[in-house]
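A closer look at the structure
In case you want the letters, here they are:
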Amino acid sequence: MTQKRVLITGAAGFLGSHLCDRFIKEGCQVIAMDNLITGDLRNIEHLFKLKEFEFYHHDVSKFVHVPGNLDYILHFASPASPIDYLKIPIQTLKVGSLGTHNLLGLAKAKNARILVASTSEVYGDPMVHPQTEDYWGNVNPVGPRGVYDEAKRFQEAITMAYHTYHGVETRIVRIFNTYGPRMRLNDGRVLPAFIGQALRGQDLTAFGDGSQTRSFCYVDDLVEGIYRLLLSDCATPVNVGNPDEITINDFAQEIIKLTGTNQKVIYKELPTDDPKQRQPDISKAREILGWEPKISRQEGLKITYEYFQSLPKERLYEEPHGRDFSQNIK
Ligand code: UDP
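Residues numbered from 1 in each chain as written. Predicted model: local features only at pLDDT ≥ 70, side-chain atom pairs only at ≥ 80, totals over all residues. Heavy atoms only, no water.

Points about the site of the ligand
Taken together, 18 residues lie around the ligand, and Thr 205, Phe 207, Arg 214, Asp 274 and Arg 278 are the ones closest in. One of the side-chain N or O atoms of Arg 145 is found 2.9 Å from an oxygen atom in the ligand. Contact between the ligand and Thr 205: a nitrogen atom at 2.5 Å from a main-chain N or O atom of the residue. In the complex, 95% of the free accessible area of the ligand, which totals 520 Å², lies under the protein chains. (Near = heavy atom within 4 Å. Polar contact = N/O pair within 3.5 Å; in protein donor to acceptor, adjacent residues only side chain to side chain. Areas by Shrake-Rupley, 256 points an atom, 1.4 Å probe, with all protein chains shown as cover.)

In structure tokens form, the structure reads like this:
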């Protein structure tokens, strides 16, 4: 991988920043791009001193220009938590559709291989369990989550079309719930929500009756799966996630035990179209990538909790970037 030039979009976000670290470690030149609406430069500030690293402040929904050659593009720009895409629904649709189109065009122009970040949300509230890649999903296109789910479904469709009709080398990863250091404490997702609540001495808010399930993958495992998929020859979608499924109630108890908080679990209304169960079937990733997760939830949660504990206390009370980011969208 030495000297390969890699463009990573959404580079200041949770997954994007970990991918920057990984590709720098592999000896690549990394061109990081982010519009900083949900991303945070603090996630990549340690890389700015490296000559192998460049940062472009740019919204990929607009034409993307990168000088010089490119070997790989990893498209990870998108709001990714339900409260984010409810706040900025149009932007969410645009980055998954127009943004993906721009990056596929760039991949074609540069003769680069592109990997796009898809999601378990393409399966919606799934009727098949665990979810295999050949399941077409159960998505409500006009519900509040539709802006994310349908943008990602369109992303998969246009990516396959560029592969089929233009011969672009494409890869599609379907990412299931992932956690780890650099998640935004207040992004509304269940893990930072629970840990933030425990650290602030608040009760943990489970939505609905807490019987819904998710399967949480530690970020380093995910990055390894993505890396292997990029280097594989598989153009069809591949699930990458940890099949260790747990109810939100049991997850809350794990967080209570981990943090030693005296708080209790309180119940709030279940968001519209919240999937009842989710677990990746990773047979395909096992077979073609020789990949499976290695880090247990116990181990991953410990590292993640230590990260959140190490942050300055004021970050516990920070609004996203200290402002309402929906004001920042044109
Ligand atoms: N959830 C919860 N309390 C919270 C935040 C989320 O019970 O404070 C639930 C949410 O309703 C969902 C699950 O946790 O069932 C995972 O939510 P998240 O937003 O992390 O991701 P999703 O998998 O729904 O995209």
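Quick word on the sheet that holds strand 1 (residues 5-9)
In space, the 7 strands of this open sheet follow the order 3-2-1-4-5-6-11, with parallel pairing throughout. Of all the strands in the sheet, just strand 3 (53-57) and strand 11 (238-240) have a single pairing partner and so form its edges. On average, each strand axis in the sheet is inclined to that of its neighbour by 20 degrees, with strand direction left out of account. Sheet strands in contact with helix 4 (residues 146-166) are strand 4 (72-75), strand 5 (113-119) and strand 6 (170-175), and its direction is about 155 degrees off that of strand 5. (Pairing = 2+ DSSP bridges. Helix = DSSP H or I, 4+ residues; strand = E, 2+ residues; numbered from the N terminus. Axes fitted to C-alpha atoms, helices over the stretch in contact; angles between N-to-C directions. Contact = heavy atoms within 4.5 Å.)

Observations concerning helix 7 (residues 248-259)
Helix length check: helix 7, at 12 residues, gives a terminal C-alpha distance of 16 Å against a target of 16 Å (1.5 Å per residue), a fit within 8%. All of the buried residues in helix 7 are Ile 248, Phe 251, Ala 252, Ile 255, Ile 256 and Thr 259. End-on view of helix 7: buried residues confined to an arc of 145 degrees, all on one side of the axis. Looking at the packing, one finds that the buried side of helix 7 touches helix 5 (190-200), strand 8 (204-207), strand 9 (213-215), strand 12 (245-247), strand 13 (265-268) and helix 9 (297-310). (Expected span 1.5 Å × (residues − 1). Buried < 20%, exposed > 50% of the residue type's maximum accessible area, 1.4 Å probe, protein only. Arc of directions from axis to C-beta.)

Overview of the side chain of Arg 22
By the element assignment, Arg 22 lies in helix 1 (residues 14-25). Not counting the four nearest positions on each side in its chain, Arg 22 is found in contact with Val 223, Glu 224 and Tyr 227.

Considerations on unusual backbone geometry
Excluding glycine, a negative phi dihedral is what most residues carry, and trans is how most peptide bonds are arranged. The step from His 129 to Pro 130 runs through a cis peptide bond, and the omega angle for that step is -10 degrees. One can find Pro 130 in the loop between strand 5 and helix 4. A positive phi angle, near 60 degrees, is found at Leu 36, a position not held by glycine. As for its placement among the helices and strands, Leu 36 is situated in the loop between strand 2 (29-34) and strand 3. Of the residues examined, Leu 36 reaches a relative accessible area of 14% and is grouped as buried. Phi is positive for Asp 273, close to 60 degrees, though the residue is something other than glycine. With respect to the helices, strands and loops of the structure, Asp 273 is situated in the loop between strand 13 and helix 8 (283-289).

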